[in-house]
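# Inside the fold
These are the residues of each chain, in order.
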Amino acid sequence: MDAFIHLLVIDNDEEIRNLIKRALEDEGFAVTVARDAREARRAWTREAFRLVVLDLTLPGESGLDLALWLREQADVPIVMLNAVGDEIDRVIGIELGADDYIAKPFNSRELIARIQAILRRKAQNRAGFSRDRILRPRRFEGWTLEPARRRLINRDGVEVPLTVSEYDLLLALLDSANCVLTRNALLELVHGRQAAAFDRAIDVAIGRLRRKLGDQRPGGQMIRTIRSGGYMLAAQVERL
């Protein structure tokens, strides 16, 4: 991850602040922490942040009020945290423009996966990807994926049914063809990002995709396992 991606983490619990900071720094992010709205505002005037992790239960000024202020300053992505897990707070947070909402306690790997997904979406938007470009069919190794209809067509012109997670996973691999995608980068596409899915969900979904693609040749697979990395689609992809 780009070391110049600077994140702001706001939480009044020192242990949680430090845990999040260490986990994000291990992923290559630059991280500034604040314990309340006052510290957060001061930090905001000194640095340019690409994303904010914001606890709603802050001392003094509430996290919701701070979120409103942040929205007035810039279109910065906000991931909200809440120990209570209150449905009303979650709805209010989303209405205020939160990009994601996570109830405490949470798995740090899940938080990282969601942050990475948000940053990728923002990067795509900045790159000016149009709806037409997103929906253009992808052709690879004689196969065709049709995003407009969410269909996979095999070399004989026959549709191969895909689950929602299989489709999302294949599209991500096609759009990053010949580049390694880590498991963390793919986690949010499988089983609703549940913590229990971290161990095997990606591997199981890749296995299903390989079977449907007839991609079972040892050492010659289109979807290659990258040791200590993740997965890579080794194929030329053409947008039609």
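Computed from a predicted structure; not experimentally measured. Along each chain, residues carry numbers from 1 onward, in the same order as the chain's sequence is written. Thresholds applied to this predicted model are a pLDDT of at least 70 for local features of residues and 80 or more for the giving and counting of side-chain atom pairs; totals over whole chains, interfaces and linings are not thresholded and use all residues. Side-chain metrics rest on all non-hydrogen atoms present in the structure, leaving aside hydrogens and water.

## Concerning the sheet that holds strand β5 (residues 100-103)
To be explicit about the condition: In this analysis, strands are considered paired if DSSP registers two or more bridges between them. Helix numbers and strand numbers start at the N terminus; a helix is a DSSP run of H or I with at least 4 residues, a strand a run of E with at least 2. All axes here are fitted lines through C-alpha atoms, helices being fitted over the stretch that makes contact, and every angle between N-to-C directions spans 0 to 180 degrees.
Taken in spatial order, the five strands make up an open sheet running β2-β1-β3-β4-β5, and their pairing is parallel. Edge positions in the sheet fall to β2 (30-34) and β5, since each has one partner strand and no second. Taking the axes of each pair of neighbouring strands and ignoring which way they run, one obtains an average angle of 15° across the sheet. Direction of pairing for strand β4 (residues 78-82) relative to β5: parallel, over a ladder of four bridges. Residue pairing across strands places Leu-81 opposite Ile-102, the latter belonging to β5.

## Structural notes on helix α1 (residues 14-26)
Let me state the cut-off plainly: Helix span is expected to be 1.5 Å times the residue number reduced by one. Only protein chains enter the calculation, and the probe is 1.4 Å; a residue is then buried if its accessible area is under 20% of its type maximum, exposed if over 50%, and partly exposed in between. The arc in question is traced by the directions running from the helix axis to the C-beta atoms. Throughout this description, a polar contact denotes any pair of N or O atoms lying within 3.5 Å of each other; where both atoms belong to protein, one of them has to be capable of donating a hydrogen while the other can accept it, and for residues adjacent in sequence the pair is counted only when both atoms sit in side chains.
Here α1 is 13 residues long and its end C-alpha atoms lie 18 Å apart, about the 18 Å a rise of 1.5 Å per residue gives. Burial in α1 covers these residues: Arg-17, Ile-20, Ala-23 and Leu-24. Buried residues of α1 fall within an arc of 140° about the axis and therefore sit on the same side. For α1, the exposed residues lying more than 90 degrees away from the buried face are Glu-14, Glu-15, Arg-22 and Asp-26. The N-terminus of α1 is capped by Asp-13, whose side-chain oxygen sits 2.9 Å from the backbone nitrogen of Glu-15.

## Let's talk about the sheet that holds strand β11 (residues 223-226)
Strand order in this open sheet of three strands is β10-β12-β11, and the pairing throughout is antiparallel. Each end of this open sheet is capped by a strand with a single partner; those strands are β10 (181-182) and β11. Of the pairings in the sheet, the one linking β11 to strand β12 (residues 230-233) comprises four bridges and is antiparallel in character. Of the residues in β12, the one forming a bridge with Ile-226 is Gly-230.

## Looking at the environment of Ala-34
Stated formally: Contacts: residue pairs with any heavy atoms within 4.5 Å of one another.
Within the secondary structure, Ala-34 sits in strand β2. Taking relative accessible area as the criterion, Ala-34 reaches 1% and is therefore assigned buried. For the pair Ala-34 and Val-9, spaced 25 residues apart in sequence, the C-alpha separation works out to 6.2 Å. Those residues within four positions of Ala-34 in sequence are excluded, and the remaining contacts are Leu-8, Val-9, Ile-10, Asp-11, Arg-17, Glu-39 and Ala-40.

## Notes on the environment of Asp-99
Looking at the secondary structure, you find Asp-99 in the loop between α4 (87-95) and β5. Residue classification places Asp-99 among the partly exposed residues on the basis of a relative accessible area of 27%. Separated by 19 residues in sequence, Asp-99 and Met-80 place their C-alpha atoms 8.0 Å apart. Other than its neighbours up to four places away in sequence, Asp-99 contacts Arg-71, Val-76, Pro-77, Ile-78, Ile-118, Arg-121 and Lys-122.

## Describing the side chain of His-6
Topologically, His-6 is positioned in strand β1 (residues 6-10). For His-6, the side chain forms a polar contact with the side chain of Thr-32, separated by 2.7 Å. Sequence-distant contacts of His-6, defined by excluding residues within four places in its chain, comprise Ala-30, Val-31, Thr-32, Glu-47, Ala-48, Phe-49, Arg-50 and Leu-51.

Fair warning: the whole summary comes from geometry, so function is off the table for now.
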